[in-house]
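# A structural walkthrough
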Amino acid sequence: LDTNTTGFRLTAGFSPEQLPRLDIGAEIAYRESEEVPITSQMNPLLMDTLSLGGALVAGVRMGAVSIYAKSGFTEWRGEAYQPQADDGGTALLQGFGATMTINRLISRFEYERIDAAPLSHLNMLSASLHLPF
């Protein structure tokens, strides 16, 4: 099936002056998926899902490399293409990753998992480049 997921993620963080190797932050993520195949009560369904989640992030810097973990919750709603099959709830969000900073360019590698079967399509392993401004 030709499914798609769109959304955005907003992160913010800081490094306390008293703890120069520690990074603390927060993240908000919104995702919208269309025509996601799931199995509910032994019947295959197509479902559109919306999710809004938030997580706290903490990391430790070791020179140019840092490792971090995040934990939070995602509120989600699903709308199925069959009558009386809508679903929703709150799910645990967990993840971990690593970054490497060279000059101002940050490379990031991350694994994120949402603990809800209808949102398993949002579990991801990602790599990205960031240029803070």
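Residues numbered from 1 in each chain as written. Predicted model: local features only at pLDDT ≥ 70, side-chain atom pairs only at ≥ 80, totals over all residues. Heavy atoms only, no water.

### Side note on the pattern of salt bridges
For the structure on display, the rule yields eleven salt bridges. Close ionic contact of D23 with R61 constitutes a salt bridge, the shortest N to O distance being 3.0 Å. In this pair, D23 is assigned in strand β2 (residues 22-40) and R61 in strand β3 (residues 43-62), connecting sequence segments 38 residues apart. Look at R61 and you get partly exposed, because its relative accessible area is 27%. Across the salt bridge formed by E112 and R31, the nearest N and O atoms sit 2.6 Å from each other. One end of the pair, E112, is in strand β6 (residues 105-114); the other, R31, is in strand β2, and 81 residues separate them in sequence. The buried category is assigned to R31, whose relative accessible area is 8%. One continuous salt-bridge network, built from bridges that share partners, spans R9, E27, R31, K70, R108, E110 and E112. (Salt bridge = Lys/Arg side-chain N within 4 Å of Asp/Glu carboxyl O. Helix = DSSP H or I, 4+ residues; strand = E, 2+ residues; numbered from the N terminus. Buried < 20%, exposed > 50% of the residue type's maximum accessible area, 1.4 Å probe, protein only.)

### Quick look at the packing of aromatic side chains
On inspection of all chains with the given rule, the structure shows two aromatic pairs. Pairing F96 with Y111 gives two aromatic rings, centres 5.8 Å apart and planes at 50°, and the pair type is tilted. One end of the pair, F96, is in strand β5 (residues 87-102); the other, Y111, is in strand β6, with 15 residues separating them in the sequence. Look at F96 and you get exposed, because its relative accessible area is 51%. (Phe/Tyr/Trp six-rings, centres within 6.5 Å; stacked < 30°, edge-to-face > 60°.)

### Describing the environment of T6
Turning to its location among the elements, T6 is positioned in strand β1 (residues 4-14). The sequence separation of T6 and E34 amounts to 28 residues, and the corresponding C-alpha distance is 9.0 Å. Other than its neighbours up to four places away in sequence, T6 contacts Y30, R31 and E32. (Contact = heavy atoms within 4.5 Å.)

### Describing a nonpolar patch on the surface
Residues V60, M62, V65, I67, M100 and I102 make up a contiguous nonpolar surface patch of roughly 510 Å² in combined accessible area. Secondary structure elements with two or more residues in the nonpolar patch: β3, β4 (65-80) and β5. Along the chain, V60 falls in strand β3. Residue class for V60 comes out partly exposed when judged on its relative accessible area of 41%. (Patch = residues over 30% accessible without salt bridge, like charges linked within 9 Å, V, L, I, M, F, W, Y side chains within 5 Å. Areas by Shrake-Rupley, 256 points an atom, 1.4 Å probe, with all protein chains shown as cover.)

### Things to note about the pairing of β5
On any regular strand, side chains alternate: one points to one face of the sheet, the next to the other face. Judged from the 14 bridges that link them, β4 and β5 form a sheet pairing that is antiparallel. Paired with R77 across the strands is G88, a residue of β5. Bridge analysis of β5 against β6 gives ten bridges, and the strand direction is antiparallel. If you follow T101 over to β6, its bridge partner there is I106. (Pairing = 2+ DSSP bridges.)

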